[in-house]
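# Coordinate inspection notes
Now for the letters of each chain:
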Amino acid sequence: MDSTEPAETEATESLPPPPPIIPPNVIPLKAEPNPIAELPRKITNAKPNRVPMARPGFGRKGNALPLLSNHFRVTPTKGDNYFFHYSVSLFYEDGKPIDGKGIGRRVIDRVHQTYDTELDGKEFAYDGEKSLFTIGALPQNNFEFTVVLEDTSSNRVPANGSPGGNDSPGEGDRKRLRRPYQSKTFKVEISYAAKIPMQSIANALRGNDTENSQEALRVLDIILRQHAAKQGCLLVRQSFFNNDPRNFTDLGGGVFGCRGFHSSFRPTQAGLSLNIDVSTTMIVKPGPVVDFLLANQNVRHPNDIDWLKAKRMLKNLRVKTKPSNMEFKIVGLSELPCNQQLFTLKLRNGNGNGDGEVKAVEVTVFEYFVNYRHIELSYSATLPCINVGKPKRPTYFPLELCALVSLQRYTKALSTLQRSALVEKSRQKPQERMGALTDALKTNNYDADPLLQACGVSINTHFTQVQARVLSAPKLKVGNGDDLFPRNGRWNFNNKRLVEPTKIERWVVVNFSARCDVRNLCRELVRCAEQKGMSIDPPFDVFEESPQMRRAPPTVRVEQMFEQIQSKLPGAPQFILCMIPDRKNSDIYGPWKKKNLSDFGVVTQCLAAPSKINDMYLTNVLLKINAKMGGLNTLLAVEQSPSMPLISKIPTIILGMDVSHGNPGQSDVPSIAAVVSSRQWPLISRYRATVRTQSPKVEMIDSLFKPISDEEDKGIIREALLDFYTTSGKRKPDQIIIFRDGVSESQFNQVLNIELNQIIEACKFLDQTWDPRFTVIVAQKNHHTKFFQTGSPDNVPPGTVVDNQVCHPRNNDFYMCPHAGMIGTTRPTHYHVLLDEIGFSPDDLQELVHSLSYVYQRSTTAISLVAPIRYAHLAAAQVSQFMKFEDMSETSSGHGGITSAGPVPVQELPALHKNVCNSMFFV
């Protein structure tokens, strides 16, 4: 739930479709064959191999606005040379492959230093794993090298197994002293794999994207990564983070946000560009381990630390130990406290020449460090030790001698408070961000990189100029036929009525121990509703949770509340207002939603106790309630006319599709696929949702078409199509517009050739002769292109669209900022039109996308993403609360994954009740 607005949530009762909005003189047209659509159609026995379409032209509508973008022009590479790709294999001295990450760069650097002559003095671009690139060929195709590294101390343990070594080394240590202490030998095999013409980059800039051009651009990105690695940066894909405390910000819980930079080469219409942006990642708090644990568990004294949690949190983190300053990886904690944990210490009596009798004594770790190493320990005696050894050969250090190394990523899910802190502290105003990017370009000094020089690459230090256009906000319709004109991407309902208000006669309030004057809230809600045209009777009753139930499990509390409601109510209520005590992460929320939407079939709105009740707050609540109950808050004027190009005259369904995955580290949590679909054509403001589970981390939706017999399909698309048919005057959609979220460029072909094929098959399953036309659009928010106004501190205005200079040289893409960026720097949404059989002009398609950012029923602002996708996010997030996946055991059959017996089925979500399944329960 958002702290700035009423609780996110909810569901709505199934209502009969309203009378058709189509004026009596409008006869729906059948879509004619479109000469613009040249891509192959589906035929029964052969599936076409579709590729993203080329750009048909540029938009012209809107007021021109010159902007700057964080793309920096790159001179083309020398076209007559080649990148040579070599495969790299690394082994320990005994022939075992190196499995740990991080050491590869050091080994290859040593190869470069030691064998420079044999390698013709070639510079390497090494990806840190198995690929190495050079400009021009090496003298031969295969090499075998042996190199020695000193102080490779990640997990190298002294031979006597003692913690931290011993002043009198054992036999193994004495042998090793012939070369520098802790040195290690590695074998390196380098073999030719392929050659990539640099000319392919020029081909990509002409729109001829090939595997070679993608590989050539990857080499340039690897050069950037290597450049950052040599400066000691943490590398996270194409983002780089320096070890500078000025870039750290405390998010609480022992987690820091670390600010760095994203850099990547992009082919654009203006040529090759380097896209640089500010980036943030999470790292663990560097410094003493005990300080991290106290912050992570929010306790004040080491004796209060939960050591089971601590063990899970610390595993695989790296520490430096005093007094040697050596670095190790944590493998666990000791079973016993430092002053009780014993180990066998080997002592040699003699004259110091290595002669004499070896004596084994049992000592505690505490005794060893205090009495033998003469290190004073102030608080570690009663605490577990850090184990940095092997599973069967532990090596212990007292806690206070261990400090966490800086720049270690924190990959676990952030708490709600940490996430809020990250968002707040990562914000930068446009001018501040531009200054940071300019500084980054100077600091990185890419022009001095020998490999980039050898490629002939030079990077301009000026922001790329682009010509943007600002589209006019669409006119909205509210109640009584009034017009509403948004200004700066916003509008309000002062003295306005909802366009289709609902009537609520039988409803109740439940209060799960929230501190709130519930009856006053209800009175104010009824009053405000009347002003907006809604008719809400006073609540039938208010059900307060008994104080003794507050500590009961959430499901028990929910069941008990429903028993109260059913014992006092003559029949099911139309609507339930639910007060919950916590604004964030209430454990009541999931069970309550499941009970209402799946079991009971009742619309519900959850609210945290408001700090103040005013008309703005009440209006926000009413917008959600009205939409859930089957009403509409606003309409686009072109919906009511109806006069939307290509949509108003031909039955058209709009789909929003998204897949959400479990939090980082939750590899067994099923992914949630959500598809929302428009209903009651020619409206594009009313939607329903279908949500399904699928295998963890799988991005392609696998349940769009699910035939279980020759007559029955249990897939998502069939549900959407049948609902459209029944709510749109028994018309099948001749046009299907698909908005897909959450996929990268590398997955575009899968969307076109896997998901779209499933949708086509679902249509054919209903009617073999049915041949609708498709438009497929992917929306991306996770990119690094930003726009800035020249000479202005403000964000770009709402309605800004860019389809030139920094867009793809061939493909049909554009950037849009429909919303007003009030804080930080506006992030545009990047839309990729993969297929357009319907035949939109660039202007019409951009206007459609812009308009769909104004039909989001739960707010009075334009949103950054089209509403169907935002609804898919909401539906997936809400229904995922029905099931507590984290409680499933490791061996549960509900887990998705692959076993020797094949894929393991995922646990299905409980079905929505028939009373609410067609409602906008998710708003």
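Computed from a predicted model, the values in this text were never measured in an experiment.

Rules behind the numbers
- Residues numbered from 1 in each chain as written.
- Predicted model: local features only at pLDDT ≥ 70, side-chain atom pairs only at ≥ 80, totals over all residues.
- Heavy atoms only, no water.
- Helix = DSSP H or I, 4+ residues; strand = E, 2+ residues; numbered from the N terminus.
- Buried < 20%, exposed > 50% of the residue type's maximum accessible area, 1.4 Å probe, protein only.
- Contact = heavy atoms within 4.5 Å.
- Areas by Shrake-Rupley, 256 points an atom, 1.4 Å probe, with all protein chains shown as cover.
- Pairing = 2+ DSSP bridges.
- Disulfide = S-S within 2.5 Å.
- Salt bridge = Lys/Arg side-chain N within 4 Å of Asp/Glu carboxyl O.
- Axes fitted to C-alpha atoms, helices over the stretch in contact; angles between N-to-C directions.
- Parallel < 35°, antiparallel > 145°, perpendicular 65-115°, else oblique.
- Left-handed = near helix turned anticlockwise from the far one by under 90°.
- Nonpolar A, V, L, I, M, F, W, Y, C, P; charged D, E, K, R; others polar.
- Phe/Tyr/Trp six-rings, centres within 6.5 Å; stacked < 30°, edge-to-face > 60°.
- Expected span 1.5 Å × (residues − 1).
- pLDDT = per-residue confidence, 0-100.

When its secondary structure is counted, the protein shows 19 helices and 41 strands. A burial count over the protein gives 54% of its 923 residues as buried. In the protein, the proportion of contacts linking residues at least 24 apart, taken out of those at least 6 apart, comes to 74%. When the accessible surface of the protein is summed, it comes to about 40,600 Å², and 48% of that surface belongs to carbon and sulfur atoms.

A few words on the pairing of strand β10 (residues 255-268). Across the 14 residues that make up β10, a large majority, 11, are buried. With 2 bridges connecting them, strand β8 (residues 239-241) and β10 associate as antiparallel partners. The residue bridging F240 from the neighbouring strand is F261, located in β10. Both strand β9 (residues 248-252) and β10 contribute to a ladder of 4 bridges, which runs antiparallel. Within the sheet, the bridge partner assigned to T249 lies in β10 and is G257. With antiparallel pairing between neighbouring strands as the criterion, β9 and β10 make up a hairpin whose turn holds 2 residues, including G253 at a positive phi of roughly 70°.

Covalent bonding between the sulfur atoms of two cysteines is what defines a disulfide. For the coordinates displayed, the defined rule picks out 0 disulfides. Free of any disulfide, C233 has its nearest neighbouring cysteine sulfur in C258, separated by 9.1 Å. On the basis of relative accessible area, C233 is assigned to the buried category, the value being 12%.

On the secondary structure map, Q226 appears in helix α4 (residues 211-230). Classification of Q226 as buried rests on a relative accessible area of 10%. Distance from Q226 to D127, taken between C-alpha atoms, is 7.2 Å for residues 99 residues apart in sequence.

This part covers the pattern of salt bridges. Between side chains of opposite charge, a pair can form as their charged atoms come close. Under the definition given, this model contains 27 salt bridges. Linking R266 and E745 is a salt bridge whose minimum nitrogen-to-oxygen distance equals 3.1 Å. Highlighted residues: R266 in strand β10 and E745 in the loop between β34 (735-741) and α17 (748-766), separated in sequence by 479 residues. Among the residues examined, E745 registers a relative accessible area of 37% and is labelled partly exposed. A salt bridge links D723 to R688; the shortest N-O distance between them is 4.0 Å. Of this pair, D723 sits in helix α16 (residues 716-727) while R688 sits in strand β33 (residues 687-694), and the two are 35 residues apart along the sequence. The same class applies to D723 as to R688, namely buried. Each of R679, R688, R692, E719 and D723 takes part in one network of salt bridges that share partners.

Strands sit in the order β27-β25-β28-β29 across an open sheet of 4 strands; the sheet is parallel. Both outer strands of the open sheet, β27 (541-544) and β29 (603-608), are each paired with one neighbouring strand and no more. Going across the sheet, the axis of each strand differs from the next one's by a mean of 20°, ignoring polarity. Along the sheet face, helix α11 (residues 518-531) touches β25 (507-511), β27, β28 (575-580) and β29 and points at about 145° away from the line of β25.

With that settled, consider the environment of F72. Relative to the elements of secondary structure, F72 occurs in strand β1 (residues 63-74). Linking F72 and S273, residues 201 residues apart in sequence, is a C-alpha distance of 5.2 Å. Excluding its chain neighbours within four sequence positions, the residues that come into contact with F72 are L272, S273, L274, I276, L441, I459, N460, T461, H462, F463 and T464.

Our focus in this paragraph is helix α18 (residues 842-852). Since there are 3.6 residues in each turn of an α-helix, residues three or four apart along the chain are aligned in direction. Taken across its 11 residues, α18 has 8 buried, putting it largely inside the fold. Considered for burial, the residues of α18 that qualify are D843, L845, Q846, L848, V849, H850, S851 and L852.

Time to look at the sheet that holds strand β18 (residues 384-387). Judged by pairing direction, the sheet is antiparallel, and its 3 strands sit side by side in the order β15-β18-β19 without closing on themselves. Two strands bound the open sheet, and with one partner strand each, they are β15 (332-337) and β19 (396-397). Here β15 pairs with β18 via 3 bridges, running antiparallel. Within β18, the residue paired with L333 across the bridge is I386.

In this section: the packing of α16 against α17. Between α16 and α17, the least distance of the axes is 9 Å, while the angle of their chain directions is 55°. Classified by the angle between their axes, α16 and α17 sit oblique to one another. The crossing of α16 and α17 is right-handed. For the pair α16 and α17, contact is made by I717, R718, L721 and L722 and by I759, A762, C763, F765 and L766, respectively. For the contact of α16 with α17, the class distribution of residues is 8 nonpolar, no polar and 1 charged.

Right, let's get into the packing of helix α12 (residues 554-568) against helix α13 (residues 589-600). It is the contact of α12 with α13, at a shortest axis distance of 9 Å, that shows an interaxial angle of 50°. For the element pair α12 / α13, the angle class is oblique. The two elements α12 and α13 meet at a crossing, and its hand is right-handed. Contact residues: P554, T555, V558, E559, M561, F562, I565 and Q566 in α12; P591, W592, K595, N596 and F600 in α13. Tallied by class, the residues present in the contact of α12 with α13 amount to 8 nonpolar, 3 polar and 2 charged.

Moving on to the packing of aromatic side chains. The relation between two aromatic rings is expressed through the spacing of the ring centres and the mutual angle of the planes. As enumerated under the stated definition, the model contains 26 aromatic pairs in all. Look at W491 and Y854: their rings are 5.8 Å apart centre to centre, the planes differ by 20°, and that puts the pair in the stacked class. Within this pair, whereas W491 is found in the loop between β23 (483-484) and β24 (503-504), its partner Y854 is found in the loop between α18 and α19 (867-880), the two being separated by 363 residues in sequence. The class of W491 is buried, set by a relative accessible area of 7%.

Our next topic: unusual backbone geometry. Among all residues save glycine, negative phi is the norm, and among peptide bonds the norm is trans. Across the junction of S641 and P642, the peptide omega takes the value -15°, indicating a cis bond. Mapped onto the elements, P642 comes out in the loop between α15 (637-640) and β31 (652-660). Residue W681 is joined to P682 through a cis peptide bond whose omega torsion reads 15°. Notably, L646 is not glycine yet its phi reads approximately 65°, a positive angle. Mapped onto the elements, L646 comes out in the loop between α15 and β31. Its relative accessible area of 33% is what places L646 among the partly exposed residues. In the Ramachandran plot, K697 falls in the positive-phi region, its phi being about 65° despite a non-glycine side chain.

Between its terminal C-alpha atoms α4 stretches 29 Å, which fits the 28 Å expected from 20 residues at 1.5 Å a residue. Directly beyond the C-terminal end of α4, a positive phi value near 80° is found at G232.

All right, on to the confidence of the model for the protein then. Across the protein, the average pLDDT comes to 86, with 87% of residues at or above 70. Contacts from residues 34-44, a stretch scored under 50 in pLDDT, to residues over four places away or in other chains number 26 contacts. Scored below 50 in pLDDT, residues 885-902 makes 31 contacts in the model with residues more than four places away or belonging to other chains.

Take S213: it is sitting in helix α4. Here S213 is in contact with S200, A204 and N208, once residues within four sequence places are set aside.

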